[in-house]
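If you want the building blocks of each chain, they are given just below.
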Amino acid sequence: MTTESAAAAARATVYGYPRQGPARELKKATESYWKGRLTADALRASAAELRRSTWRQLAEAGIHEVPTGDFSYYDHVLDTTVMVGAVPERHRAAVDADALDGYFAMARGTQDVAPLEMTKWFDTNYHYLVPELGPDTVFAADSAKQVGELAEALALGLAARPVLVGPVTYLLLAKPAPGVPTGFDPLTLLDRLLPVYAEVLADLRAAGAEWVQLDEPALVQDRTPAELNAATRAYRDLGALADRPKLLVASYFDRLGEALPVLAKAPVEGLALDFTGTGAANLDDLAAVGGLPGKRLVAGVVNGRNIWVNDLSASLTTLGTLLGLADRVDVAASCSLLHVPLDAAAERDIEPQILRWLSFARQKTAEVVTLAKGLAQGTDTIAAELAANRADLVSRATSPITRDPAVRARAAAVTESDARRSQPYAERSAAQRAHLRLPLLPTTTIGSFPQTGELRTARADLRAGRIDTAGYEDRVRAEIQEVVAFQEKAGLDVLVHGEPERNDMVQYFAEQLTGYLATQHGWVQSYGTRYVRPPVLAGDISRPEPMTVRWTSYAQSLTGRPVKGMLTGPVTMLAWSFVRDDQPLGDTARQVALALRDEVNDLETAGTSVIQVDEPALRETLPLRAADRPAYLAWATEAFRLTTASVRPDTQIHTHMCYAEFGDIVQAIDDLDADVISLEAARSHMQVARELAAHGYPREAGPGVYDIHSPRVPSPAEAAALVRTGLAAIPADRLWVNPDCGLKTRAWPEVRTSLENLVAAARTVRAEL
């Protein structure tokens with residue numbers, strides 16, 4: 001095909017779309033089902049209507065080929081586990097008895113059965129359920145969901161493309177099942193898995209699929225020759241199938257690198273590549289391998305992970321270059337739009353000029369359609385859109401909100417000594433032990449306590465003007481009193497105030513810092529029915545006044561035990577926001593760190609002896625390729641130390657991380673120089689404790705013994721067993737006992753019992769020492 005005909009054939013598509021609905025209808029329906037207020041049929045009907053509404057909206061916007069199969073009640077990787085029949089043995093009875101309830105049991109667990117482990121989807125804040133596989137795993141195809149959703153879209157008269165997690169990525173994301181030797185490599189199951197994919201593909205072809213998308217984002221990471229060989233075999237075998245749809249292999253989040261020649265030579269009909277951010281290197285790499293002659297290229301030129309308006313002219317330049325490298329070039333976002341909110345037009349509180357800088361899923365869809373039109377029909381057909389886009393880009397670049405000379409001068413004046421504690425850890429530890437006088441195996445929680453219905457009602461009443469600030473703060477004080485009283489009665493050693501005044505661990509601070517914008521409807525799925533509203537980091541950051549001191553000091557006035565001050569760290573403030581893309585991330589992190597440093601100093605001055613600066617996103621934000629990691633870890637760890645380094649030696653600095661793979665950042669955890677770190681560990685059976693021990697981590701640590709992402713209550717014996725496992729790796733004088741994460745999403749009855757059991761477990765093991 002000539003360049004001209006490739007351009008004329010250009011069409012618009014997307015890899016996936018937000019699942020929740022405009023008013024988070026899926027969340028509400030699912031949680032109603034869990035509470036017994038909604039039947040399974042009603043939940044399915046609600047989900048089907050959301051799917052139909054999404055597909056119609058995409059088609060009406062100009063998307064030529066809508067994705068199917070990307071919808072999920074909880075998680076698309078869990079859906080893949082069901083599709084290939086890899087249900088863990090402990091969940092099989094539940095799945096056989098009721099497929100929907102069994103599905104949710106795998107996701108959330110039950111009182112009797114633990115859920116699948118949960119961790120982050122590459123370097124995003126989306127969580128997936130980790131497949132558990134072993135040498136005895138038997139795969140079996142179940143394509144009902146994928147076929148059913150394709151049929152729904154085709155019945156609407158739409159061109160539809162089913163989207164599946166690819167077989168190589170699925171196995172690379174998996175872990176050895178409990179009881180299976182840790183050295184077992186799930187990728188050895190590839191030859192057993194491929195016939196199942198072949199059966200699913202045949203089912204989809206029979207149901208009317210012309211194309212099927214197989215997502216292989218794991219191939220953008222550094223891969224061994226054996227792993228690349230597995231990808232070669234997988235697509236050689238799938239490509240050779242006689243009864244199959246056309247195959248589009250999709251990658252995103254970074255450049256394909258050494259995997260690009262593998263996929264370019266594979267007998268598949270198309271590739272989808274990311275051309276944004278670090279993925280921009282795919283352009284030169286694609287030219288170096290001779291392009292994709294005879295194949296379809298889906299070009300991800302609109303950033304699917306951030307919310308800034310696209311530079312349409314720059315994207316058109318990229319697309320023009322790509323026209324000579326493939327038989328057909330289509331236009332898409334760089335990844336599924338799952339990672340951005342639904343519609344910027346729903347925001348009513350953001351100044352109109354600034355709102356034009358923002359692009360959520362619906363706006364990104366419009367950008368993709370505009371670019372496809374310009375590529376196919378010429379730029380004259382989109383002249384008005386290009387002019388408006390140029391004006392929006394200039395408006396943002398020249399806006400005073402983006403630059404504060406005082407903030408920039410302060411950041412430029414930072415020296416290396418500003419990010420170093422005044423004494424080494426051994427001396428600090430002795431001072432802290434003398435000051436705090438805590439027992440062996442001290443107990444604490446991570447920070448938040450349940451956000452009750454009364455609290456949410458009070459917050460809504462304040463926004464609506466039904467109560468005044470004084471009335472709202474009375475409700476907050478009452479909640480703090482209850483939280484502190486419970487912790488004292490339960491026997492916890494280091495208390496928290498419970499964070500009743502906080503809506504979200506990032507948003508709460510963002511609303512009090514200059515340079516941030518808050519949304520009202522910018523919901524993004526984090527996991528299951530958990531949605532967050534990432535704030536927008538639009539300009540230079542500073543702290544006008546203290547943010548947490550008043551409530552922490554109030555809680556401390558109620559007890560003689562230490563109360564932790566609770567802050568969100570600078571890396572997490574970036575990772576869980578939509579961060580500005582007009583300066584290096586390290587520069588932004590330093591600005592946030594300096595603002596938080598002021599808060600740390602004010603907490604200490606007010607008498608707070610234990611200050612926790614949470615960095616759950618440190619691992620999440622780690623670049624996918626090893627070559628990019630040293631630079632990231634240098635600025636990330638410096639930002640944490642800059643936040644915390646100015647305190648006295650006897651002030652104990654804690655940090656917290658959760659739901660990530662920690663093994664490859666243990667040195668960075670060490671480099672933070674925190675006095676105590678708490679980490680998620682319950683679902684992974686204390687793996688992180690062993691990783692810390694193998695590294696020789698010299699400080700105190702609290703690997704979690706209570707999985708707060710499941711409604712099940714751990715017994716004292718279960719928690720004690722995990723404490724003993726922790727002690728096998730971490731000495732008793734450096735081991736803390738705590739939950740995996742904050743308790744905000746849990747209910748009071750389960751929290752009370754779980755924490756009482758946690759304290760009982762610590763006392764039991766303490767008595768054994």
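For the structure itself, look to the data block above.
To keep things clear, this report deals only with the structure shown in the data block. Just so it is clear, the model here is predicted, and its values are computed rather than measured. (Residues numbered from 1 in each chain as written. Predicted model: local features only at pLDDT ≥ 70, side-chain atom pairs only at ≥ 80, totals over all residues. Heavy atoms only, no water.)

Within the chain one finds 29 helices and 20 strands. What you see for the chain is a C-alpha radius of gyration of 26 Å, in line with the 27 Å of a compact globule of 769 residues. Considering only contacts in the chain between residues 6 or more positions apart, those separated by 24 or more positions represent 80%. By element, 53% of the accessible surface of the chain is carried by carbon and sulfur atoms, the whole surface being about 27,200 Å². For the chain, the distance from the average site of its 79 positive side-chain charges to the average site of its 98 negative ones is 2 Å. (Helix = DSSP H or I, 4+ residues; strand = E, 2+ residues; numbered from the N terminus. Rg over C-alpha atoms; globule rule 2.2 N^0.38 Å. Contact = heavy atoms within 4.5 Å. Areas by Shrake-Rupley, 256 points an atom, 1.4 Å probe, with all protein chains shown as cover. Lys, Arg positive; Asp, Glu negative; His and termini not counted. Charge placed at Lys NZ, Arg CZ, Asp CG, Glu CD.)

Turning next to the sheet that holds strand E8 (residues 246–250). Judged by pairing direction, the sheet is parallel, and its seven strands sit side by side in the order E1-E5-E7-E8-E9-E10-E11 without closing on themselves. Here the strands that pair on one side only, and so sit at the sheet edges, are strand E1 (66–68) and strand E11 (326–333). Put simply, the sheet's adjacent strands are angled 25° from each other on average, direction ignored. Its contacts with the sheet place helix H15 (residues 361–377) against strand E10 (292–302) and E11, and it is angled at close to 155° to E11. (Pairing = 2+ DSSP bridges. Axes fitted to C-alpha atoms, helices over the stretch in contact; angles between N-to-C directions.)

Across the sheet, which stays open at both edges, the five strands sit in the order E16-E17-E18-E19-E20 with parallel pairing between neighbours. Looking at strand neighbours, the two that pair on one side only are strand E16 (564–568) and strand E20 (700–703), the edges of this open sheet. Each adjacent strand pair in this sheet contributes to an overall mean axis angle of 20°, direction not counted. Its contacts with the sheet place helix H18 (residues 425–436) against strand E17 (610–614), strand E18 (652–657) and E20, and it is angled at close to 70° to E20.

The subject of this paragraph is the pairing of strand E5 (residues 160–165). With six of its six residues buried, E5 lies for the most part within the structure. Residues Ala160, Pro162 and Leu164 line one face of E5 and the alternating positions Arg161, Val163 and Val165 line the opposite face, and both faces are buried. As defined by bridge partners, E1 adjoins E5 across three bridges and the pair is classed as parallel. Bridging across to E5, Thr68 finds its partner in Pro162. (Buried < 20%, exposed > 50% of the residue type's maximum accessible area, 1.4 Å probe, protein only.)

With respect to the helices and strands, the residue Ala460 is situated in helix H19 (residues 453–464). As for Ala460 and Pro217, which are separated by 243 residues in sequence, their C-alpha atoms are 40 Å apart.

Attention now moves to the nonpolar core. Ranked by size, the top nonpolar core spans 123 residues in total, and within it Tyr170 and Leu319 carry the most contacts. Aside from chain neighbours lying at most four places away, what touches Leu319 is Ala299, Val301, Val329, Val331, Leu371 and Leu375. Counting residues in each nonpolar core, the second largest holds 98 residues, with Val571, Ile669, Tyr706 and Leu755 among its members. (Core = buried A, V, L, I, M, F, W, Y, C linked by side-chain atoms within 4.5 Å.)

The end-to-end C-alpha distance of H15, which contains 17 residues, comes to 24 Å, matching closely the 24 Å that a straight helix rising 1.5 Å per residue would cover. Within H15, the full set of buried residues consists of Ala361, Lys364, Thr365, Glu367, Val368, Val369, Thr370, Leu371, Ala372, Gly374 and Leu375. Positive backbone phi, approximately 100°, marks Gly378, located one or two places after H15. (Expected span 1.5 Å × (residues − 1).)

A word on the packing of helix H24 (residues 585–605) against helix H25 (residues 629–644). Across the interface, H24 lies against H25 with an axial gap of 7 Å and an inter-helix angle of 15°. Viewed along their axes, H24 and H25 adopt a mutual orientation that is roughly parallel. H24 and H25 meet at a crossing whose hand is right-handed. Facing Leu585, Gly586, Ala589, Arg590, Ala593, Leu594, Leu596, Arg597 and Val600 of H24, the residues of H25 in contact are Trp635, Glu638, Ala639, Leu642 and Thr643. Considered class by class, the residues forming the contact of H24 with H25 number nine nonpolar, two polar and three charged. (Parallel < 35°, antiparallel > 145°, perpendicular 65-115°, else oblique. Left-handed = near helix turned anticlockwise from the far one by under 90°. Nonpolar A, V, L, I, M, F, W, Y, C, P; charged D, E, K, R; others polar.)

A word on the environment of Ala426. Here Ala426 is to be found in helix H18. Sequence-wise, Ala426 and Ala259 are 167 residues apart; in three dimensions their C-alpha atoms are separated by 46 Å.

So, on to empty space enclosed by the protein. For the structure on display, the rule yields six cavities of 30 Å³ or more. Of the volumes computed, that of the largest cavity is approximately 490 Å³. Around the largest cavity, the lining is made up of 30 residues, and of these Met505, Arg530, Trp576, Cys741 and Lys744 lie nearest the centre. Only strand E13 (524–527) and strand E14 (530–532) provide two or more residues apiece to the lining of the largest cavity. Taken together, the residues that form the lining of the largest cavity break down as 12 nonpolar, 10 polar and eight charged. One number sums up the size of the second largest cavity: a volume of about 250 Å³. Contributing to the lining of the second largest cavity are 21 residues, with Arg19, Asp70, His76, Val163 and Asp215 lying nearest its centre. (1 Å grid on protein atoms, 1.4 Å probe; cavity = no way out; pocket = protein on both sides within 12 Å on 5 of 7 lines; lining within 4 Å. Points joined across faces, edges and corners; volume = space filled by probe spheres on them.)

This part takes up the pattern of salt bridges. When the charged atoms of two side chains lie near each other, side chains of opposite charge can form a pair. Summed over the entire model, instances satisfying the criterion amount to 56 salt bridges. Between Arg530 and Asp504 there is a salt bridge whose closest N-O contact spans 4.0 Å. Remark: Asp504 occurs in the loop between helix H20 (469–490) and helix H21 (507–510) and Arg530 occurs in strand E14; sequence separation between them is 26 residues. For Arg530, a relative accessible area of 23% translates into the label partly exposed. Of the charged contacts in the structure, one is a salt bridge between Glu750 and Arg746, with a shortest N-O distance of 2.3 Å. Assigned by exposure class, Glu750 and Arg746 land together as buried. (Salt bridge = Lys/Arg side-chain N within 4 Å of Asp/Glu carboxyl O.)

With that out of the way, let us pick up helix H27 (residues 687–695). Buried within H27 are the following residues: Val688, Ala689 and Leu692. End-on view of H27: buried residues confined to an arc of 105°, all on one side of the axis. Buried residues belonging to H27 abut helix H26 (666–671), strand E19 (676–679), E20 and helix H28 (716–727). (Arc of directions from axis to C-beta.)

Helix-helix packing is described using two parameters, namely the angle between the two axes and the distance between the axes. Here H19 crosses H20 at 165°, and the two axes come no closer than 9 Å. Of the possible angle classes, the one that applies to H19 and H20 is roughly antiparallel. As H19 runs across H20, the sense of the crossing is left-handed. Here H19 contributes Glu454, Leu455, Ala458, Arg459 and Leu462 to the contact with H20, which in turn contributes Thr469, Tyr472, Arg475 and Glu479.

With that settled, consider the side chain of Ser577. Along the chain, Ser577 turns up in the loop between helix H23 (570–575) and H24. Ser577 gets classed as buried once you look at its relative accessible area, which sits at 7%. Within the local environment of Ser577, its side chain forms a polar contact with the backbone oxygen of Met573, the two atoms lying 2.4 Å apart. Setting aside residues no more than four positions away along its own chain, Ser577 makes contact with Val506, Tyr516, Pro534 and Pro535. (Polar contact = N/O pair within 3.5 Å; in protein donor to acceptor, adjacent residues only side chain to side chain.)

With that out of the way, let us pick up the packing of aromatic side chains. On inspection of all chains with the given rule, the structure shows 16 aromatic pairs. Judged by centre distance (5.4 Å) and plane angle (85°), the ring pair of Tyr508 and Phe509 falls under edge-to-face. Taken together through their ring pairs, the aromatic side chains of Tyr33, Trp34, Phe71, Tyr73, Tyr74, Tyr103 and Phe104 make up a single cluster. In this structure, Arg24 packs its charged tip against the face of Trp523, placed 3.7 Å from the ring centre. (Phe/Tyr/Trp six-rings, centres within 6.5 Å; stacked < 30°, edge-to-face > 60°. Lys NZ or Arg CZ within 6 Å of the ring centre and 35° of its normal.)

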